[in-house]
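Okay, here's what each chain looks like letter by letter:
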Amino acid sequence: MAKTDKEIVDLYFIRSEKAIEESENKYGSYIKTVAYNILYSLMDAEEVLSDTLLRTWNSIPPKKPSSLKMFLCKIARNLSFDRYKAKNTAKRGSGET
């Protein structure tokens, strides 16, 4: 049975690794979709998912999000944009040769 967002956040607060598993089960495909729509790379989207879960683990506590889905989405979106910028900087040729 799927856990509610509040139950998952409570797992983060007691530092249970089950919180990461539950977050990935409930929102993993959503996070990958958000990342893929920015990066257009499945491999990068999977890395963003892993990074999002790690950053969430490090952020909760002290933060206590009211909407876990939006909290995860915001982290994934920011990580995706950072990765996109890193791949497309002028220093690296902006994709031109």
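These lines cover the structure that appears in this document, whether it is placed above or below. As the structure is a computational prediction, the values presented were derived from the model and not from experiment.

**Overview of unusual backbone geometry**
Line of reasoning, step 1. Between Ile60 and Pro61 the backbone carries a cis peptide bond, its omega angle lying at -20°.
Line of reasoning, step 2. Geometrically, the link from Pro61 to Pro62 is a cis peptide bond, its omega value of 15° lying close to zero.
Line of reasoning, step 3. Assignment of secondary structure puts Pro62 in the loop between α3 (42-59) and α4 (68-87).
Line of reasoning, step 4. Phi angles above zero are rare outside glycine, and Arg15 is one such case at about 60°.
Line of reasoning, step 5. Relative to the elements of secondary structure, Arg15 occurs in the loop between α1 (5-13) and α2 (18-39).

**As for the nonpolar core**
Line of reasoning, step 1. Within the largest apolar cluster, 22 residues are counted, with the highest numbers of intra-cluster contacts made by Tyr12, Tyr27, Ile31, Val48, Ile60, Leu68 and Leu72.
Line of reasoning, step 2. Elements supplying a minimum of two residues to this core: α1, α2, α3 and α4.

**Examining the packing of aromatic side chains**
Line of reasoning, step 1. For the structure on display, the rule yields 2 aromatic pairs.
Line of reasoning, step 2. Ring geometry for Tyr12 versus Trp57: centroids 6.1 Å apart, planes at 55°, classification tilted. Residue Tyr12 is located in helix α1, and its partner Trp57 is located in helix α3; the two are separated by 45 residues in the primary sequence.
Line of reasoning, step 3. With a centroid separation of 6.1 Å and 75° between ring planes, the pair formed by Tyr36 and Tyr40 is classed as edge-to-face.
Line of reasoning, step 4. Stacked on the ring of Trp57, the Lys or Arg Arg15 has its end atom at 4.0 Å from the ring centre.
Line of reasoning, step 5. Stacked on the ring of Phe13, the Lys or Arg Lys64 has its end atom at 5.2 Å from the ring centre.

**Considerations on the pattern of salt bridges**
When charged atoms on two side chains of opposite charge get close, those side chains can pair.
Line of reasoning, step 1. Enumeration over the complete set of coordinates arrives at 8 salt bridges.
Line of reasoning, step 2. Linking Lys18 and Glu22 is a salt bridge whose minimum nitrogen-to-oxygen distance equals 3.5 Å. Of the two residues, Lys18 and Glu22 both sit in helix α2, 4 residues apart, roughly one turn of that helix.
Line of reasoning, step 3. You can call Lys18 partly exposed: its relative accessible area is 36%.
Line of reasoning, step 4. With relative accessibility at 11%, the residue Glu22 sits in the buried group.
Line of reasoning, step 5. With its nearest N and O atoms 2.9 Å apart, the salt bridge here joins Glu47 to Arg83. One end of the pair, Glu47, is in helix α3; the other, Arg83, is in helix α4, and 36 residues separate them in sequence.
Line of reasoning, step 6. For Glu47, a relative accessible area of 34% corresponds to the partly exposed category.
Line of reasoning, step 7. One network of salt bridges, in which partners are shared, links Asp44, Glu47, Asp51, Arg83 and Lys87.

Criteria and thresholds
By convention here, each chain's residues receive numbers from 1 onward along its written sequence. Totals for whole chains, interfaces and linings use every residue, but because this is a predicted model, local features are given only for residues with pLDDT of at least 70 and side-chain atom pairs only at 80 or more, for both listing and counting. Only heavy atoms go into the side-chain values, all of them from the structure, while hydrogens and water stay out. Going along the chain from the N terminus, every DSSP run of H or I of four or more residues is numbered as a helix, and every run of E of two or more is numbered as a strand. Joining through side-chain atoms within 4.5 Å is the link that ties buried Ala, Val, Leu, Ile, Met, Phe, Trp, Tyr and Cys residues into a set, and such a set is a nonpolar core. Relative accessibility under 20% of the residue-type maximum defines a buried residue, over 50% an exposed one, and the middle range a partly exposed one, all with a 1.4 Å probe and only protein chains included. In summary, the pairing rule links any two rings of Phe, Tyr or Trp, Trp by its six-membered ring, whose centres are within 6.5 Å, and it sorts them by plane angle into stacked for under 30 degrees, edge-to-face for over 60 and tilted for everything else. Both a distance and an angle decide whether a charge sits over a ring: NZ of Lys or CZ of Arg must be within 6 Å of the ring centre and within 35 degrees of the ring normal. Just to be clear on terms, a salt bridge is a Lys or Arg side-chain nitrogen sitting within 4 Å of an Asp or Glu carboxyl oxygen.

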